[in-house]
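Chains, contacts and geometry: an overview
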Amino acid sequence: MATRIQLSIQNSLWLLSSPLHPINTKGLHNLKNRLHFRSNLISSSSSRRALYCTCTSSNLPTTEPYVITTPLYYVNAPPHMGSAYTTIAADAIARFQRLLGKKVIFITGTDEHGEKIATAAAAHGSSPNEHCDVISQAYKALWEDLDIAYDKFIRTTNPRHEAIVKEFYLRVLANGDIYRADYDGLYCVNCEEYKVDEKELLDNNCCPIHLKPCVARKEDNYFFALSRYQKKLEETLEQNPDFVQPSSRLNEVQGWVKSGLRDFSISRASVDWGIRVPNEDKQTIYVWFDALLGYISALMEEKSQATLQTAVSSGWPASLHLIGKDILRFHAVYWPAMLMSAGLSVPKMVFGHGFLTKDGMKMGKSLGNTLEPNDLVQRFGSDGVRYFFLREVEFGDDGDYSEDRFINIVNAHLANTIGNLLNRTLGLLKKNCQSTLVVDSTIAAEGNAFKDTVEKLVEKARFQYENLSLSSACEAVLEIGNAGNLYIDEHAPWSLFKQGGAASEAAAKDLVIILEAMRIIAIALSAITPSLCKRIYTQLGYSEDQFNAATWDDTKWGGLKGGQIMAQPKPVFARIEIQMEGEDEGELKKKASKKKERIPQAQTQSLAEA
């Protein structure tokens, strides 16, 4: 395992070197867009940087973890579907990486400081602490309902996080990248951001994201010298084309950087609810400068020493920051420059996905047009919610929610293509083979082109997962189900069993082949619909522990063995029935019964014969 020797500021082991970015006083005074500085600029008399030395022994294997993060969600209001979408996607990616056998650290959490939090708490008649406790718990509860298997949940009000923020701040200060100045400009409270480029604003100085007017503010702040990292950021983007994904986001970030970087305020004099600037009574650290460090502070073990050295050595840099495109600038411009200033590695990739829309507009708490995720989970279950948003939204693009489409897609794919295929096959196996497999799946598929089809689709699914093409990965797995339904309809094992002899033996092998395909589906789709896939796996005679221990290698053909006993057939995914206004549950059940009578002929026959 790689041995990291990290000499921290607190240990006073410094590498004395010339400044990476010599202070250009003229440059500090030359900011545009109504930035007016006083003469009391603060900088370090010398620029010293902590030495981070990574030594790898050739005798020890490296076991670098795969660290994936969601944004730390703002707790001014309960979670909405936009937050849930990011977290579902991150969870699917994390689960796939675990299937590959990697050590995964999946980080999520809540951003709990800032002006909006204090305002929201006051509106509900509670203290900021009480408000944060309630909303943070609401996120945890929703993540549990959505089968989110996170490893770390960080809250920025955690004292250990505060210690990391202050140490990081002092390190950046020591590098000469923090100074004091007046700011006079337009501020979006919802973005928690000064809008330095008024060309981005709509009429009446409205924020293009929150559609609310920005307010004029003037205050005394500390600034981070972002402009000093212009060249380094340009080089990072040019030399690492995968740093920002998808490519459309990379182009956007490169455009921002090439247009010229401006220093940004990293403290607030008018906000009390936040982490205090070290050695300052009247300034709190800007919420973004605070929250971004949650990705690092989350890495610490609970009982470890709360130092930057400890946190960084526990898994930094992150493999993937998964974010919405509205916070791309913070993650792909501000954050890497901050890390460079502190002498830390930048994350390996920042992926900015699109917005979920409703009626063609981005969903958000500030806009008041959110889709309630708790309601969706209660009505349709976690598997349906996870599958629809990952299957129907091309990852990276915007996607619109429609309840009719939701129900049609989930019913067609999960209830019919996958669920019904398993149920009818197990029913035939129970009736004709006492729920017992007659041969190994490898023997059953000898010389059968269906096996080759499944193997190609599994490889396709893996490729799509690895490239974060979650919709295409779902499609590849669903194609296995489609191929299975076509196979069983063409071979009609219910008819072959009636013929007896060699025909009956062939039918029994056909059932093994289909059930082996179902086993592979259960593993290959488990990153998307973990609960559904666990139900499939247990119906194939495995335990939950065996399902939890499965890896991607288990998608290879040949898992089912002759003599293996299957569970009793039971639907693994119930069709969603729409209850019309004024319709009681009895009428709903009658409608469901009538729909069962309208199952396609081939399926009706196989179920009847079972």
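Counting of residues starts from 1 at the beginning of each chain's written sequence and follows it residue by residue. In keeping with the model being predicted, local features are shown solely for residues with a pLDDT of at least 70 and side-chain atom pairs are shown and tallied solely at 80 or more, while totals for entire chains, interfaces and linings include all residues. Neither water nor hydrogens contribute to the side-chain values; these are computed over all heavy atoms in the structure.

**Here we look at the overall build of the protein**
- Numbering of helices and strands runs from the N terminus; a helix is a DSSP stretch of H or I covering at least four residues, while a strand is a stretch of E covering at least two. Scanning the protein from N- to C-terminus turns up 22 helices and 20 strands.
- Burial statistics for the protein: of 610 residues in total, 55% are counted as buried.
- For the protein, restricting intrachain contacts to residue pairs at least 6 apart in sequence, the fraction spanning at least 24 positions comes to 78%. Remark: exposure states derive from per-residue accessible area (1.4 Å probe, protein chains only) relative to the maximum for the residue type, with buried under 20%, exposed over 50%, and partly exposed in between. By definition, residues are in contact when any of their heavy atoms lie within 4.5 Å.

**Considerations on the confidence of the model for the protein**
- Chain-level statistics for the protein give a pLDDT mean of 85 and a share of 82% at 70 or above.
- For residues 1-61, every residue scores under 50 in pLDDT, and the model assigns this stretch 114 contacts once sequence neighbours within four places are set aside.
- pLDDT expresses how confident the predictor is about each individual residue, on a scale running from 0 to 100. Here residues 591-610 is modelled with pLDDT under 50, and outside its nearest four sequence neighbours on either side it reaches 27 contacts, counting other chains as well.

**Observations regarding the pairing of strand 17 (residues 350-353)**
- On strand 17, burial covers both faces: Val-350 and Gly-352 on one face and Phe-351 and His-353 on the other are all buried.
- The pairing criterion is simple: DSSP has to find at least two bridges between the two strands. Pairing between strand 12 (residues 244-245) and strand 17: two bridges, direction parallel. Within strand 17, the position partnered with Val-244 by the bridge is Val-350.
- Direction of pairing for strand 16 (residues 320-324) relative to strand 17: parallel, over a ladder of four bridges. Its bridge partner lying in strand 17, Leu-322 is registered against Phe-351.
- Of the crossover connections in this fold, the one passing from strand 16 over helix 11 (residues 328-341) to the parallel strand 17 is right-handed. By the criterion used throughout, a crossover qualifies as right-handed when its path from the first strand across the helix to the second strand runs clockwise, the strands pointing away from the viewer.

**Notes on the nonpolar core**
- Only buried residues count toward a nonpolar core. Its members are Ala, Val, Leu, Ile, Met, Phe, Trp, Tyr and Cys residues joined through side-chain atoms within 4.5 Å. Within the largest apolar cluster, 176 residues are counted, with the highest numbers of intra-cluster contacts made by Phe-168, Ile-296 and Phe-389.
- A total of 15 residues in this core trace back to one element, the largest contributor, which is helix 18 (residues 501-524).
- The residues touching Phe-389, leaving out its near neighbours within four places in the chain, are Met-81, Tyr-85, Leu-356, Leu-371, Leu-376 and Tyr-401.
- Listed in part, the seven residues of the second largest apolar core include Tyr-179, Ala-181, Tyr-187 and Tyr-194.

**Details of the packing of aromatic side chains**
- What counts as a ring pair is set by centres within 6.5 Å for rings of Phe, Tyr and Trp (its six-membered ring), and what kind of pair is set by the plane angle: stacked under 30 degrees, edge-to-face over 60, tilted for all other angles. This model, assessed by the stated rule, comprises 29 aromatic pairs.
- Relative to Phe-389, the ring of Phe-388 has its centre 5.2 Å away and its plane inclined at 85 degrees; by these criteria the two rings are edge-to-face.
- Taken together, the aromatic side chains of Phe-224, Tyr-229, Phe-264, Trp-288, Phe-330 and Tyr-334 make up a single cluster linked through ring pairs.
- Distance and angle both matter: a charge sits over a ring if NZ of Lys or CZ of Arg is within 6 Å of the ring centre and within 35 degrees of the ring normal. The lysine or arginine in question, Lys-325, covers the ring of Phe-355, its NZ or CZ lying 4.8 Å from the ring centre.

**Focus on unusual backbone geometry**
- The omega angle of the peptide bond from Gln-245 to Pro-246 is -5 degrees, so this bond is cis rather than trans.
- For Pro-246, the location among the structural elements is in the loop between strand 12 and helix 7 (247-258).
- For the bond running from Trp-316 to Pro-317, omega is 10 degrees, close enough to zero to count as cis.
- Tracing the backbone through its elements, the reader meets Pro-317 in the loop between helix 10 (308-312) and strand 16.
- Phi at Asn-279 takes a positive value of approximately 65 degrees, unusual for a residue other than glycine.
- With respect to the element layout, Asn-279 can be found in the loop between strand 14 (267-268) and strand 15 (284-285).

**Examining the pattern of salt bridges**
- By salt bridge we mean one thing: a side-chain nitrogen of Lys or Arg within 4 Å of a carboxyl oxygen of Asp or Glu. Considering all chains together, one arrives at 25 salt bridges under this definition.
- Across the salt bridge formed by Asp-91 and Arg-386, the nearest N and O atoms sit 2.7 Å from each other. Highlighted residues: Asp-91 in helix 2 (residues 81-99) and Arg-386 in helix 12 (residues 373-392), separated in sequence by 295 residues. Across this residue pair, the class does not change: Asp-91 and Arg-386 are buried.
- As a salt-bridge pair, Glu-162 and Lys-166 come within 3.3 Å of each other at their nearest N and O atoms. Of this pair, Glu-162 and Lys-166 both sit in helix 5 (residues 159-174), four residues apart, which is roughly one turn of that helix.
- Through salt bridges with shared partners, a single network forms among Arg-391, Glu-392, Arg-405 and Glu-475.

**A few points about the pairing of strand 9 (residues 178-188)**
- Strand 9 sits mainly inside the fold: 10 of its 11 residues count as buried.
- In the sheet, strand 9 pairs with strand 11 (residues 215-224) via 10 bridges, with the strands oriented antiparallel. Of the residues in strand 11, the one forming a bridge with Leu-186 is Ala-216.
- In the sheet, strand 9 pairs with strand 10 (residues 193-194) via two bridges, with the strands oriented antiparallel. Residue pairing in the sheet places Cys-188 in a bridge with Glu-193 of strand 10.

**Details of the side chain of Gln-564**
- As for its position among the elements, Gln-564 is in the loop between helix 20 (544-549) and helix 21 (585-597).
- Gln-564 gets classed as buried once you look at its relative accessible area, which sits at 15%.
- At a separation of 3.5 Å, a polar atom in the side chain of Gln-564 contacts the side chain of Tyr-542.
- When neighbours within four sequence positions are excluded, Gln-564 is seen to be in contact with Ser-435, Thr-436, Leu-437, Leu-540, Tyr-542 and Gly-559. Each polar contact in these results corresponds to two N or O atoms within 3.5 Å; when the atoms are within protein, one needs to be able to donate a hydrogen and the other to accept it, and residues that are neighboring in sequence are counted only if both atoms are side-chain atoms.

**As for the state of the cysteines**
- By definition, disulfides here are pairs of cysteine sulfur atoms that lie within 2.5 Å. What the rule picks out here adds up to zero disulfides.
- Lacking any disulfide linkage, Cys-474 is separated from the closest cysteine sulfur, that of Cys-533, by 10.0 Å.
- When its relative accessible area of 1% is taken as the criterion, Cys-474 is described as buried.

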